[in-house]
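What follows is each chain in one-letter form.
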Number of protein chains: 4
Amino acid sequence: MIIVMEPNATAEQIDHAARQVEALGMRAHVIRGTERTVIAAIGEKREQAKEALETAPGVAAVMPILAPYKVASREVKSEPTQVTAGSLVLGAGVVGVIAGPCSVESEEQILATARAVKEAGATALRGGAFKPRTSPYSFQGLKEDGLKLLAMARQETQLAVVTEVVATEDVELVAQYADVLQVGARNMQNYRLLEAVGAAGKPVLLKRGPSATMDEFLLAAEYILNAGNPQVILCERGIRTFETHTRYTLPLASVPYLHRKTHLPVVVDPSHGTGHAYLVADMAAAAIAAGADGLIVEVHPDPERALSDGYQSLNFAQFHAMMQRCRRIAQALDLNLRTLCDARRPGGLRALQPTT
Amino acid sequence: MIIVMEPNATAEQIDHAARQVEALGMRAHVIRGTERTVIAAIGEKREQAKEALETAPGVAAVMPILAPYKVASREVKSEPTQVTAGSLVLGAGVVGVIAGPCSVESEEQILATARAVKEAGATALRGGAFKPRTSPYSFQGLKEDGLKLLAMARQETQLAVVTEVVATEDVELVAQYADVLQVGARNMQNYRLLEAVGAAGKPVLLKRGPSATMDEFLLAAEYILNAGNPQVILCERGIRTFETHTRYTLPLASVPYLHRKTHLPVVVDPSHGTGHAYLVADMAAAAIAAGADGLIVEVHPDPERALSDGYQSLNFAQFHAMMQRCRRIAQALDLNLRTLCDARRPGGLRALQPTT
Amino acid sequence: MIIVMEPNATAEQIDHAARQVEALGMRAHVIRGTERTVIAAIGEKREQAKEALETAPGVAAVMPILAPYKVASREVKSEPTQVTAGSLVLGAGVVGVIAGPCSVESEEQILATARAVKEAGATALRGGAFKPRTSPYSFQGLKEDGLKLLAMARQETQLAVVTEVVATEDVELVAQYADVLQVGARNMQNYRLLEAVGAAGKPVLLKRGPSATMDEFLLAAEYILNAGNPQVILCERGIRTFETHTRYTLPLASVPYLHRKTHLPVVVDPSHGTGHAYLVADMAAAAIAAGADGLIVEVHPDPERALSDGYQSLNFAQFHAMMQRCRRIAQALDLNLRTLCDARRPGGLRALQPTT
Amino acid sequence: MIIVMEPNATAEQIDHAARQVEALGMRAHVIRGTERTVIAAIGEKREQAKEALETAPGVAAVMPILAPYKVASREVKSEPTQVTAGSLVLGAGVVGVIAGPCSVESEEQILATARAVKEAGATALRGGAFKPRTSPYSFQGLKEDGLKLLAMARQETQLAVVTEVVATEDVELVAQYADVLQVGARNMQNYRLLEAVGAAGKPVLLKRGPSATMDEFLLAAEYILNAGNPQVILCERGIRTFETHTRYTLPLASVPYLHRKTHLPVVVDPSHGTGHAYLVADMAAAAIAAGADGLIVEVHPDPERALSDGYQSLNFAQFHAMMQRCRRIAQALDLNLRTLCDARRPGGLRALQPTT
């Protein structure tokens, strides 16, 4: 930690700050520059409140050297983490695609979608049973009935199920049905929920909050890891900026940035990240090219009649085309974009063959 | 709702969109312009998903006319709502000041602070017992012990207690001790929590999420109102922007904007809104001048030793000076900035007299 | 400057970085921490590219200690600068108000406005003759004819004239007519223009660019100061954020922040800062309460017929009411909100008396 | 244009707004909804100030239907524009890569870079001779000497030269040396400069301002097109958001969005868009995958010693690797990523063969 003193800080103030550093269990190393004095605090720990030092008289700024997260960091674990949940494998060179409707709406809808996304090459099914909706007047999801439909779709297609849990009191129920528990963007800093999913024994897909910094995002993952769950998938789904032609702004540089800072796999959500169906395939392709470990994409049999997020959902043909493009890129870059199809239908779709 | 067709939309697409409008229970009014056709959908309801229409072929954009919130809106209730919770009165011309530490740390700390802020003119005490912290390694609050200390401080000072609740499972417990339940910025879209505090029978102070739009903020309030609780205080506490010299950017134009759109009272948090103690008093004064119904301010006996948020907390002398400045402005603008002090100590602090 | 090495930086890389520091003319002080090594570079100068160091192998980050601007800083000149331009005085406790139309449109319009704003208490007249417009299809200003009309209005009212210059080739012409040269937000980083107005011998009002950081803003001022012109007024006019209910987001904490970092006076533009006439008076009042040295406000005889910015312009009655409210706040805070009126019409408007 | 009235607008106000619509030369079509009245204004033109209508009493909002730009729009010209400038071809399925140093520093530096980037597959050389720098204390470029060095590099390598012009008074000089005139992000709304480059008879590369909306960006292009120059290349180079781990946030969804709205080619600048060399190749690959018509990338022989932007410059080996990856993706997607090399050195680098 570096403590920068004000240019006119007195000797007393410098002493005081140095003593405070020592009181926090660090060693203070005072460096007198030409215009300012700085104090290097040696032995920094993540738990130490830099805040206390910032309030000391004569202190201009405090700059921590250590990242605030630990278990999530590459410094602690340098090899990439691969997450496996049934048919879904993500990370360490394997690319997984999670696809399905925003909300589970009916048996017919979820089964048709599961079959279609599997055939197009997805390795997991998404679908919301508990829906956090901006307006209390919007459709709120089928709840447990939705979970049962997801389990039915898994039964038929063998696709792993990824579904959102919105409250601690639902974690046990959702974990009975889901292969991966999703924590939504609005709940990224719902710490009680993070602790609960951390203790539930299932992999977790954690979405970045739309105004979360990278440190905040990784600290949210740290809550889950800290609860004993090493199977965390990070999901970039767009941030809030001044842009209005897209629903959110999808900053794909997050992918290589996160790969440098953390061993956890990173997936991209081009559906929420753009908010318009016509932008999804281009951003999916870009995410694969940027090195993402996976995608999570909204697909619906008839987006025009979807109960939620229709405007950003692909229909089956669009998703199929998107997957073909992603597969070509993955092949060109020697990535392993897995599919389940050819294993199960040997004579089947050549276009959907795995890349390795 | 206005449906704008693409310039090259076909007659069939226009018909299709019009039929969809009718299918949603509205009347379609097709207007053929020189370059585009638009469809006015008459009979719009808040529940109607504009999203479905956005996905129809040939549709360029859908523009809703109605605000998405209803019970919170001025259109439904034109006179301002005044919220009363013990000593705290806010709204409809009465200005209330909530002050106290970020976290309750000890009996001595909370009692000293309660006395000091009351003497300086605050009408309610804030203090966190359940603390949502960005890092799992930070101090997480005294929990129920903290609530008991807050109740003790109220007992002595008669100050109403405002404290945060972070999870549905804690609502009942916190409601036993608090006069006002605070929902923090990170939980603004934790809808299950909003419903729970809406049902708890206590006034709620709802903080704006740092990337929430005004519509999202008012829809979050709508969840609480919709659960039967009309006593909602909105709190502007800053948004996330590219500025880094302040912790958040405090957009005070929210105050007059919200006053135009909703009848609910609006308070400003200059502590989180700036993140630096030296900026707090100026922003508090500005908030009063802009017409805020109240302030919520972090005050600590010794900010340098605070367990959280010390860098943005005022000490007692700073808070006293801030209140004097706010009182002068309130007087100049004929606002009723209430205090409890002179009522209880008749010979007491002249500087702290109420403005009416 | 502090150079933070990567956790796994080799001894060679540390040596290399230290030698680079010395090659840049600074002294390198290597501090080996428990997890990382940092190098304090003593003797930092503003001209030194921290960028070079950032690219050295093994370097994680470079943190400059000195602010990048110099002449603008409080460290170099601690007492506040007061700018005087004819009737306009700003800074060091004196508050000035600049008011007038977005564009000069006609003799009648500018004269009527000049009289009205003076009577209401403004001490300078604004009005655009050269208009930078987002669309090539919008009204682009009356050019030199507009400047002549401004001079005519000054002749009659003695109000100093503040008007924008958009290109180096116009500086000489505009300087013949203007008392203060305005550099607009779009040109904040038009360095050639900054140098030209810096050499023109007239005070400059520099508007903050909507995405400029505070360092960039002060460095733009530094260009002008560096060209030999000490009379620079900084203008906060709002930044671009995700908010859409206001045209820009007006971050009033800029006022106390800038007062801490620079000796230059700071004015606020609540017209562009909000983009809606109904928000202007509240933000003007808030700016005065926050300690602004002045305001610049759009006023038009008939906003509905304005050729530009009508939606954010006040009419005369609204401006008069705004000024009364600001005057009350200024009086309450012992600020000197000057007017010209009573000096020239001794029996005149009592409501418009100066505060000192 | 759709004029939405306030819910409580009077019959008189509705009449007044309708008359205003007619006075602006449009036909007013009044639609009375269940809760509000809206007026459709038929015959909208781009020049019409929606602003005037917004200030009319009783008007809540005005929503234009037409995009504000015209010549740039797909509606006016549906086939994509291909820009050709010497060796550089961009657009309509052809991908061009512009590479070179931030600043021209010396003959040796620019020649070595030109040779290296050509060999790696670039089809144009970038290099700044006139540098707009945030600080007056930074290196400002070699000016005309730099232009001469660029011309020398072109002479040797046949690479087209792309270089920035920062002021109208330099346009003629720069146009003598450059094949493409670059307008930098800081000057995107320097309308006088846009008009000057529009009249200079050379293709223009227009960089998006870091807080420019898409409409503002396209209107800036419209200034150039309107001056008679159809050869405009749009460049997405990142926007300013709350993210600090990247210098700017690079929103690649701009590429497909712009392709839908305009016929002009779109290139991406992953160097400024990320600000860190280690992120550049991933974002370059992503841009190609998203459908960009080209890239502009900073390359330097020795980034550690660059006079500007070293931290985001690639060295030759890094650029070579980036190009190989981009070429693989282009091949996979059947894009024509042209190179000059094999044409000139028939026995030459197999890895650098064009994709078609």
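Whatever comes next refers back to the structure up there.
Everything quoted here is computed from the prediction, not taken from an experiment.

Help me understand the sheet that holds strand 2 (residues 27–32) of chain D in this model?
The strands making up a sheet associate through backbone hydrogen bonding, with each pair oriented either parallel or antiparallel. Residues and elements named next belong to chain D. Strands sit in the order 2-3-1-4 across an open sheet of 4 strands; the sheet is antiparallel. Edge positions in the sheet fall to strand 2 and strand 4 (59–63), since each of these pairs with one other strand and no more. If you compare each strand with its neighbour and ignore which way they point, the axes differ by 20° on average. Bridging between strand 1 (residues 2–5) and strand 3 (residues 37–42) involves 3 bridges; their strand directions are antiparallel. The residue of strand 3 that forms the bridge with Val4 is Val38.

Explanation requested: the interface of chain D and chain A in the structure shown.
Every contact between the two is made by 33 residues of chain D and, on the other side, 33 residues of chain A. Every element with two or more residues in the side of chain D that touches chain A is listed here: helix 8 (254–261), helix 10 (277–289) and helix 11 (316–332) of chain D. Of the residues that constitute the side of chain D that touches chain A, the class distribution is 21 nonpolar, 8 polar and 4 charged.

Can you walk me through the packing of helix 10 (residues 277–289) of chain A against helix 8 of chain D in this structure?
Two quantities define a packed helix pair, namely the angle between the helix axes and the distance between the axes. It is at 9 Å that the axes of helix 10 of chain A and helix 8 of chain D come closest, and there the two elements cross at 135°. By the angle class used here, helix 10 of chain A and helix 8 of chain D are oblique. Where helix 10 of chain A crosses over helix 8 of chain D, the two elements pack in a sense that is right-handed. Only Val255, Pro256, Tyr257 and Arg260 of chain D of helix 8 of chain D make contact with helix 10 of chain A, whose side of the interface consists of Tyr278, Leu279 and Asp282 of chain A. In the contact of helix 10 of chain A with helix 8 of chain D, the residues fall into 5 nonpolar, no polar and 2 charged.

Even after reading the chapter, I still don't get the interface of chain C and chain B, so can you show me in this structure?
How large an interface is tends to be reported as the accessible area lost when its parts come together. Opposite the 34 residues of chain C that make contact, chain B presents 34 residues. Mapped onto the side of chain C that touches chain B, the elements with two or more residues apiece are helix 8 (254–261), helix 10 (277–289) and helix 11 (316–332) of chain C. If you tally residues by element for the side of chain C that touches chain B, the top one is helix 10 of chain C, at 8 residues. Residue composition of the side of chain C that touches chain B, grouped by class: 21 nonpolar, 8 polar and 5 charged.

How should the relation of the copies chain D and chain A be read in this particular structure?
Both copies of the chain are placed relative to one another by a rotation about an axis and a shift along it. Note on the identical chains: chain D maps onto chain A by a rotation of 180° and an axial translation of 0.0 Å, with an RMSD of 0.1 Å. Such a turn and shift between the copies fits a two-fold axis. Judged by C-alpha distance, Ala286 of chain D is the residue of chain D that lies nearest the rotation axis, at 2.0 Å. Both copies present the same face, since 100% of the interface residues in chain D are matched by interface residues at the equivalent positions in chain A.

Reading guide: rules and limits
Residues numbered from 1 in each chain as written. Chains lettered and ligands numbered in written order. Predicted model: local features only at pLDDT ≥ 70, side-chain atom pairs only at ≥ 80, totals over all residues. Pairing = 2+ DSSP bridges. Helix = DSSP H or I, 4+ residues; strand = E, 2+ residues; numbered from the N terminus. Axes fitted to C-alpha atoms, helices over the stretch in contact; angles between N-to-C directions. Contact = placed C-beta atoms within 7 Å. Nonpolar A, V, L, I, M, F, W, Y, C, P; charged D, E, K, R; others polar. Parallel < 35°, antiparallel > 145°, perpendicular 65-115°, else oblique. Left-handed = near helix turned anticlockwise from the far one by under 90°. Least-squares fit on C-alpha atoms with pLDDT ≥ 70 in both.

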